[in-house]
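Fold and geometry: a report
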Amino acid sequence: MSTERILVIGANGQIGKVLFPALQELWGKDNVTAADIRPVFDGEGIFEVLDATEPKAIYALLSRHKITQVYHLAAILSAKAEENPLSSWEINTRTLLNVLETGRECKVSKLFIPSSIAVFGPSAPRTKVPQNTFLDPSTAYGISKVATETWIAYYRRKYNLDVRSIRYPGVLGYQSMPGGGTTDYAVDIFYKAVKGEQYTCFLEKDTRLPMIYMNDAIRATLELMQASPENLSVDMAYNVASLSFTPEELGTAIRKYIPAFQITYVPDYRQTIAHSWPESIDDSVAQKDWGWQPKFGLDEVVRDMLEHLSNHS
Ligand code: AKB
């Protein structure tokens, strides 16, 4: 039996809500603590209110629960960050440094801190963007994620702290709602489709973005965290590829099951964010280092989303 004790910071968020029960399954309910700044928790298990901008509060939690692994998922995402770039930078980087530093002080054995495809900007190739390329994001969120990756590499090299990271594409799933991201349309669209309503998309119909199904995103996270450290050649964050589609292609895939479904396109400021990101990702390094392979293709995603949301709508 393992003695790992896990803390999930941002457990009320889109990924946290799904990762938390997956970690409970892996390590046992008593060994996984959920934490979030929002005091209401609808999961089952140990929950603590945590403001991760307060290092002492993180330190207290790590000590009280004898935490050995931290998943730090709290962040202001791309669209929300553009509304207030400086405060999003402040929150994203302050919580990052607090988690790295308290993790080091409390000698946690492993940390997971996600990055995003938002690290790429105009100088990176638009398709099949490789693991190592220019990182010149044009969004506040992207800038904070390049800083995140750089600090992760710094703590790995200077303090030998085992911090791991993935550049998540847009994540879509039925289990939780996203908030404040540019890729959120890919979840919102299903809620309209199952209600028999039309969807007004805030991106142009031909905006191709890298995406991943929640089930694959969770599996990628757990697989990376369980990989042997000797196999990990990347000190920053791993490129992970899965799907790549446009709003129009997603609409067509939904129409296979709901033929009357209609989308109209009214692009807003999020179009500029999406346009600064690549269309697809080369994840050959993740494949080689820890055997990453996605399982869900577009049709399987659409079927699974509609099946779950129709049953609950
Ligand atoms: C966002 O749209 O901000 C996120 C991301 C791609 O990091 N989903």
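My aim in this report is to walk through the structure given alongside it, one point at a time. (Residues numbered from 1 in each chain as written. Predicted model: local features only at pLDDT ≥ 70, side-chain atom pairs only at ≥ 80, totals over all residues. Heavy atoms only, no water.)

1. Let's talk about the overall build of the protein chain
Secondary structure summary: the protein chain contains eleven helices and 14 strands in total. In terms of C-alpha radius of gyration, the protein chain reaches 19 Å, essentially the compact-globule figure of 20 Å for 313 residues. Once the C-alpha set of the protein chain is aligned to its principal axes, its extents read approximately 55 × 45 × 40 Å. A burial count over the protein chain gives 53% of its 313 residues as buried. Surface accessibility of the protein chain: about 13600 Å² in total, with carbon and sulfur atoms responsible for 52%. Here the protein chain carries 31 positive and 37 negative side-chain charges, and the mean point of each set is 3 Å from the other. (Helix = DSSP H or I, 4+ residues; strand = E, 2+ residues; numbered from the N terminus. Rg over C-alpha atoms; globule rule 2.2 N^0.38 Å. Buried < 20%, exposed > 50% of the residue type's maximum accessible area, 1.4 Å probe, protein only. Areas by Shrake-Rupley, 256 points an atom, 1.4 Å probe, with all protein chains shown as cover. Lys, Arg positive; Asp, Glu negative; His and termini not counted. Charge placed at Lys NZ, Arg CZ, Asp CG, Glu CD.)

2. As for the packing of aromatic side chains
Summed over the entire model, instances satisfying the criterion amount to 13 aromatic pairs. With centroids separated by 5.5 Å and ring planes inclined at 75°, the aromatic side chains of Phe20 and Phe41 adopt a geometry described as edge-to-face. With Phe20 in helix α1 (residues 16-27) and Phe41 in the loop between β2 (32-36) and β3 (46-49), this residue pair connects regions lying 21 residues apart in the sequence. Comparing Phe20 with Phe41 shows no difference in burial state: the two are buried. Clustering of aromatic rings is evident, with ring pairs tying together Trp151, Tyr154, Tyr155 and Tyr159. In this structure, Arg104 is placed above the aromatic ring of Tyr159, and the distance from its NZ or CZ to the ring centre is 4.2 Å. The positively charged end of Arg270 is found above the aromatic ring belonging to Phe202, 3.6 Å away from the centroid. (Phe/Tyr/Trp six-rings, centres within 6.5 Å; stacked < 30°, edge-to-face > 60°. Lys NZ or Arg CZ within 6 Å of the ring centre and 35° of its normal.)

3. So, the side chain of Ser165
With respect to the element layout, Ser165 can be found in the loop between β7 (163-164) and β8 (166-168). Polar side-chain contacts of Ser165 include one of 2.6 Å to the backbone oxygen of Ile113. Within the structure, Ser165 has its side chain in polar contact with the backbone nitrogen of Ser115 (distance 3.2 Å). Apart from the residues within four sequence positions on either side, Ser165 is in contact with Phe112, Ile113, Pro114, Ser115, Ile152, Leu224, Met236, Ala237 and Tyr238. (Polar contact = N/O pair within 3.5 Å; in protein donor to acceptor, adjacent residues only side chain to side chain. Contact = heavy atoms within 4.5 Å.)

4. Some words on the site of the ligand
Surrounding the ligand, one finds Leu77, Ser78, Ser116, Ile117, Tyr141, Gly181, Thr182, Thr183 and Trp277. Contacts to the ligand include Thr182, whose backbone N or O atom sits 2.7 Å from an oxygen atom. When the free accessible area of the ligand is taken as 250 Å², the share hidden by the protein chains comes to 94%. The residue makeup of the shell around the ligand, split by class, is four nonpolar, five polar and no charged. Both domains that meet at the shell around the ligand, namely domain 1 (6-169 + 212-239) and domain 2 (174-211 + 243-312), each give it at least three residues. (Near = heavy atom within 4 Å. Nonpolar A, V, L, I, M, F, W, Y, C, P; charged D, E, K, R; others polar. Domains from an automatic or database assignment.)

5. Notes on the sheet that holds strand β6 (residues 115-116)
Taken in spatial order, the three strands of this open sheet run β6-β8-β12, and their pairing is parallel. The open sheet has two free edges, formed respectively by β6 and β12 (238-239), since each of these has just one partner strand. When β8 meets β12, the two strands line up parallel, connected through two bridges. Note that in β12 the partner of Arg167 across the bridge is Asn239. The strands touched by helix α7 (residues 214-226) are β8 and β12; relative to β8, the strand with the most contacts, the crossing angle is about 175°. (Pairing = 2+ DSSP bridges. Axes fitted to C-alpha atoms, helices over the stretch in contact; angles between N-to-C directions.)

Everything listed here is a matter of geometry and, on its own, says nothing about what the molecule does.
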